[in-house]
Amino acid sequence: MSATNCKEYEFLKIEPHWQGIWEKTRAFRAENGSSKPKYYVLDMFPYPSGAGLHIGHPEGYTATDILARYKRARGFNVLHPIGWDAFGLPAEQHAVKTGTHPAANTQNNITNFRRQIKSLGFSYDWDREVDTTDPKYFRWTQWIFLQLFKRGLAYVDERPVWWCPELRTVLANEEIVDGKSEVGGFPVERRNLRQWVLRITAYAEQLLDGLKHIDWPDSTKRMQEAWIGRSEGAEVVFKIDCGSGFAPDQSGINPDLQDLKIFTTRPDTLFGCTYMVIAPEHPLVPALTKPEFNAAVEAYRKKAARKSDLERTDLAKDKSGVFSGSYAINPVNGARVPIWIADYVLMGYGTGAIMAVPGHDERDYEFAKQFDLPIPRVIAAADGSDTLPYMGDGTLINSPGYDGLTWPEAKKKITAALAAKGIGKGTINYKIRDWLFSRQRYWGEPFPIVWVSEANYRLAVAKRRDLPAQPVTFAENGVTLFALPLPDAALPLTLPDVQSYLPSGNGESPLANETSWLEIWLDVVSGAAVPASAPKPAGENWIRARRETNTMPQWAGSCWYYLRFMDPQNADAIAGPAALKYWVGPDLYVGGAEHSVLHLLYARFWHKVLFDLGVVAEPEPFQKLFHQGIILGEDGVKMSKSRGNVVNPDDIIAAYGTDSLRLYLMFLGPLEAMKPWNTKNIEGVHRFLKKIWRECLDAEGAVNPRISDGGALSPEAEKVLHETIKKVGEDTEALKFNTAISQMMILGNALQKEPAVPRAVMLDFLRILAPYAPHLAEELWARLGQTGSVAVSAWPTYDAAKLLSNTITIVIQVNGKHRGDVEVEPGVTEDVLKCMAEQHPKVGSYLAGKPIKRTIYVKGRLINFLV
RNA sequence: GCCCGGAUGGUGGAAUUGGUAGACACGCAGGUCUCAGAAGCCUGUGCCUAAAAGCAUGACGGUUCGAGUCCGUCUCCGGGCACCA
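Residues numbered from 1 in each chain as written. Chains lettered and ligands numbered in written order. Predicted model: local features only at pLDDT ≥ 70, side-chain atom pairs only at ≥ 80, totals over all residues.

Student: I'd love a proper account of the overall build of chain A, names of residues and values included.
Tutor: When helices and strands are counted, chain A shows 27 helices and 35 strands. The principal-axis extent of the C-alpha atoms belonging to chain A is close to 105 × 90 × 50 Å. Here chain A holds 867 residues, and 39% of them are scored as buried. Long-range contacts, defined as pairs at least 24 residues apart, comprise 70% of the intrachain contacts of chain A with a sequence gap of at least 6. (Helix = DSSP H or I, 4+ residues; strand = E, 2+ residues; numbered from the N terminus. Buried ≥ 20, exposed ≤ 12 C-beta atoms within 10 Å, placed from the backbone. Contact = placed C-beta atoms within 7 Å.)

Student: Now, about the nonpolar core: what can you tell me, with residues and values included?
Tutor: With 158 residues, the main nonpolar core has V452, L484, M666, L766, L769 and A777 as its most contacted residues. Other than its neighbours up to four places away in sequence, V452 contacts Y457, L481, F482, L484, I543 and A545. (Core = buried A, V, L, I, M, F, W, Y, C linked by C-beta atoms within 7 Å.)

Student: Give a detailed account of the packing of helix α22 (residues 715-733) against helix α23 (residues 737-752), specifying residues and quantitative values.
Tutor: Working note: a packed helix pair is described by the angle between its axes plus the distance between those axes. The geometry of α22 relative to α23 is characterised by a closest axis approach of 9 Å and an angle of 165° between their N-to-C directions. As far as their axial angle goes, α23 and α22 are roughly antiparallel. The chirality of how α22 crosses α23 is left-handed. Together, A717, V720, L721, T724, K727, V728, D731 and T732 of α22 and F737, T739, A740, Q743, M744, I746, L747, A750 and L751 of α23 make up the contact between the two elements. Each residue belonging to the contact of α22 with α23 can be placed in one class, and the counts come to eleven nonpolar, four polar and two charged. (Axes fitted to C-alpha atoms, helices over the stretch in contact; angles between N-to-C directions. Parallel < 35°, antiparallel > 145°, perpendicular 65-115°, else oblique. Left-handed = near helix turned anticlockwise from the far one by under 90°. Nonpolar A, V, L, I, M, F, W, Y, C, P; charged D, E, K, R; others polar.)

Student: Can you explain the environment of L663? Please cite residues and give values.
Tutor: With respect to the helices and strands, the residue L663 is situated in helix α20 (residues 658-667). The buried category is assigned to L663, around which 28 C-beta atoms lie within 10 Å. The spatial distance from the C-alpha of L663 to the C-alpha of V832 is 47 Å, given a sequence separation of 169 residues. With residues up to four places along the chain from it excluded, the contact list for L663 reads V685, I741, Y772 and A773.

Student: Any chance you could break down the domain arrangement of chain A for me, citing the residues and the numbers?
Tutor: When the domains of chain A are assigned, the result is domain 1 (31-145 + 555-628), domain 2 (230-430), domain 3 (447-531), domain 4 (680-802) and domain 5 (806-866). Taking only C-alpha atoms into account, the centre of domain 1 sits 33 Å from that of domain 4. Contacts between domain 1 and domain 4 engage ten residues on the former and 13 residues on the latter. Looking at the side of domain 1 that touches domain 4 element by element, the count peaks at seven residues for helix α2 (residues 56-73). (Domains from an automatic or database assignment.)

Student: Can you tell me about the environment of L588, naming the residues and giving the values?
Tutor: In this fold, L588 is placed in strand β26 (residues 588-592). Residues L588 and D43, 545 residues apart in the sequence, show an inter-C-alpha distance of 8.6 Å. Setting aside its immediate chain neighbours within four residues, L588 contacts V41, L67, K624 and F626.

Student: Account for the pairing of strand β20 (residues 449-452), with residues named and values stated.
Tutor: The two faces of β20 match: I449 and W451 on one face and V450 and V452 on the other face are all buried. Here β20 runs beside strand β22 (residues 479-485); their pairing, made up of four bridges, is antiparallel. Looking at β22, one finds that V450 is bridged to L484. Sheet analysis places β20 next to strand β25 (residues 542-547), joined by two bridges and oriented antiparallel. Note that in β25 the partner of W451 across the bridge is R546. (Pairing = 2+ DSSP bridges.)

Student: Mind laying out the pairing of β22, listing which residues take part and the relevant values?
Tutor: Along any regular strand, the residues point their side chains to alternate faces of the sheet. Within β22, five of the seven residues are buried, leaving the element largely enclosed by the surrounding structure. The antiparallel pairing of strand β21 (residues 473-476) with β22 creates a hairpin that spans two residues between the two strands, and N477 there sits at a positive phi of about 50°.

Student: Tell me what's going on with the sheet that holds strand β34 (residues 854-858), and back it up with residues and numbers.
Tutor: Here four strands make up an open sheet; going across it, the order is β33-β32-β35-β34 and the pairing mixed. Single-partner strands in this sheet number two, and they are β33 (817-824) and β34. Within this sheet the neighbouring strands show an average axis-to-axis angle of 20°, counted without direction. Looking at chain direction, strand β32 (residues 808-814) and strand β35 (residues 862-866) are connected through four bridges and run parallel. Looking at the pairing, I812 lines up with I863 of β35. On the sheet, helix α26 (residues 830-839) packs against β32, β33, β34 and β35 and is oriented at approximately 120° with respect to β33.

Student: Describe in detail the sheet that holds strand β2 (residues 77-79), supporting the description with residues and values.
Tutor: The four strands lie next to each other as β2-β1-β26-β27, forming an open sheet whose pairing is parallel. Unpaired on one side and paired on the other, β2 and β27 (625-628) mark the two borders of the sheet. Along the sheet, successive strands turn relative to each other by an average axial angle of 20°, direction set aside. Pairing between strand β1 (residues 38-43) and β26: three bridges, direction parallel. Counterpart to V41 in the pairing with β26 is L588.

Student: Now, about α23: what can you tell me, with residues and values included?
Tutor: If you check α23, its first and last C-alpha atoms are 23 Å apart, about what 16 residues at 1.5 Å a residue would give, namely 22 Å. On its buried face, α23 sits against α2, α20, α21 (682-696), α22, β31 (757-758) and α24 (759-769). (Expected span 1.5 Å × (residues − 1).)

Student: Requested: an account of α21, with residues and values cited.
Tutor: Count 3.6 residues to each turn of an α-helix, and residues three or four apart come out pointing the same way. Between its terminal C-alpha atoms α21 stretches 22 Å, which fits the 21 Å expected from 15 residues at 1.5 Å a residue. Of all the positions in α21, only I682, V685, H686, F688, L689, I692, W693 and C696 are classed as buried. The buried residues of α21 occupy an angular sector of 155° when the element is viewed end-on, so they sit on one face. Buried residues along α21 sit against α19 (649-656), α20, β30 (707-708), α23, α24 and α25 (774-783). (Arc of directions from axis to C-beta.)

Student: Explain unusual backbone geometry to me, and be specific about the residues and the numbers.
Tutor: In this chain, L388 is followed by P389 through a cis amide linkage whose omega measures -5°. Relative to the elements of secondary structure, P389 occurs in the loop between β16 (379-381) and β17 (394-396). The amide bond that connects L491 to the next residue, P492, takes the cis arrangement and shows omega of 0°. Of note in the backbone geometry, D372 takes a positive phi value of approximately 60° without being a glycine. By the secondary structure assignment, D372 is in the loop between α11 (362-371) and β16.

Student: I'd like to hear about the packing of helix α1 (residues 11-25) against α25, residue by residue, with values.
Tutor: The geometry of α1 relative to α25 is characterised by a closest axis approach of 9 Å and an angle of 85° between their N-to-C directions. Between α1 and α25, the angle is such that the two are roughly perpendicular. Taken together, the residues of α25 that come into contact with α1 (itself represented by I14, E15 and W18) are H775, L776, E778 and E779. Class assignment for the residues of the contact of α1 with α25 results in three nonpolar, one polar and three charged.

Student: How would you summarise the environment of V297 if you had to cite specific residues and measurements?
Tutor: For V297, the position within the fold is in helix α9 (residues 294-306). The class for V297 is buried, based on 20 C-beta atoms found within 10 Å. When the C-alpha positions of V297 and I341 are compared, they lie 7.7 Å apart, and in sequence the two are 44 residues distant. In contact with V297, other than residues within four places in its own chain, are V285, T289, V322, S324 and I341.

Here it is as structure tokens:
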């Protein structure tokens, strides 16, 4: 392929030149069904923001690109794709402000991102580019949602969200400051709104278990473990004490409510339970509150409801609570214990009720101190200490029948005893909650769901086989509506054009205003629709329906994009079975640690559902994960617009070229480390590239006369060459790019000192350099007379024999201190070495006149005399 | 509070996993080339020293012939979780 004819290293000509050739020849196309071994290396695809590429993007993308190019040179069929995670709030806010369709803004941003990414010379297969907002893509996002729906993993629930009546919108937790809206300072309230929820909790155990089998950073695995939050314990039933003149069945409330069920991880401490606490939102609060406590309880509940999550979990705050007036019976000893209502117990975890054991739980202890409740001890400390609360190991006391047992033994025995009586059982609880999957926004995937009457749903059941076993329903104004999925044939369900991108007044998405899209006649079998304002079409399949107005959150599109890359044009499936079988999944996934939980957990969840459906063959999507560290500004602080320390890749490319930027990003330090940017240091790698240029070409741009067609390097330089082939290969595989680059610099320095360099050696150097600085490597490759691309040339092999030198350096120590060294042949014996060491001019004075008590000899490394 | 990760020259970082601490760069100093500059090239550069010696991997202890690396205690910085019973 033809090179430029620059005399000097004119990267601004060379880089676009080769990018053009790569693009024209579609040089990095991955082949489906190749007989070569496959290697799939994936980046976290970007959200195309209006701000353009951030320097953190090219950091991770360069790392994967080096690996992709290296693996190609190693003979792999490499899949290295890119796309756009393009649904999201910023595009919608822009649309609200300007009135233009978010798609237009999104496409502009994508165009800019594509230009920037192409200018970095990444070897992506551009034929496989995906865009989550493309109906051809989100058709399959909707399809996966329908699979979840049909398996009973999607349901509708009223969930409390923050609502601001003044702004007429739902606000996120982060948008509330001191109980008021961040914008405008208007009061907000908790309001229950209808939300779609995905049953991720059904996969809690599998999501936890799967972590054991994947090669991920430990910190990320631990974060997911903590998020899933598995605890083993017991559910225990406490009877309500009705003997005090108050009985639930006389209060006009369900007479069955005579039990209070709690969850505990420490059933062994049951004898230490002196009171109980239920969450303010607990459904039994009204039934358990005695009339004279009504006012106080009601006030407390209101106060708790107003508190933000942040305030409520603020540990610095004292414990608060109110007494309900009711008592329960401790099932192990019959003790009558008061039932309190306090917001340190959360409704969303366990049963929303606890037994309080102040002697052995910090929170219960604090509460008991505050309200003067008894604090007995039931575990004797292993170390004999008598401070409370005590959470350590020990044996039971004051627990008739169990005294003397260790607490894990007692936990088992007491749980079994309760189970035998039918008032308790061993159980497992998880902190993870079901995934709130809907947003009241315009710019997201519409749910392929319509709401119909019960009668119409029955009609659909008669004609369709793809409905869930249990219908998903929702009661509104006393009418129960049924969620009916669109048939697959009706996908994609696209977004209608709207007049305004603002949410409607009642907290619904802007879609709720689009009557002709919203209110329809639906053919239940084909999914065809006409506006309800039109006459009902003829035929028995037509029913009246209202479309779902929520849209999916931004996570939806990124939950499965790695599968689409395998077969992005497929119109019949998320990807064809052959493609799925060949590529399996990414062999390496590189992205920021900020996605340690949400994206990486959601994607694992969807993948496991697809695995259960038989769509994918492996239970985990990402076998190996790596997080690149963030790059700080030159001032050592996180880059931000307000600090003015942001580095724009475009500026660096203009000043030094992409190859220098790529090399510098990798030379900065270990990929995983957080490290500061330093524009001065980029000079170093830039000089290195210029040096390689000069070693290949003279001042006129002709082949440097030092390059010979035959001949050989000096033995020292030849050794460095083979060391470099070995080390750069190994370091690249291990993602240790910084040390790989130092080694290339060492080789560059060594070659510079040679009187002549054989052409074959220079070509090997270019092959090693090519994954790192691909444009320069291509240019010099061509200028040295090679046809074809260096990118398809094989990685050089090293000769292990050339790595050995004829002498080795042995360190001489006296009493463990380094005193000198000797050059010896590798085969030298200990005795000879000892003699040489003793005669060493620097060592002799330390040994003179002192008897050698002991000699330690480490073969090939050092000899240590103890005197 | 709990769970992770980190701390090495003026700077970014290396260090065969217990065996020459400071590779490779940046910066700085001197030299060379040049009318001059830029770019190259050469030399030096942990600290303290005239030198020898000594001192040096956040701090203090320990194990070892030998510790940046292993163990204990602590300090500071970064990340995550946070009343989950």
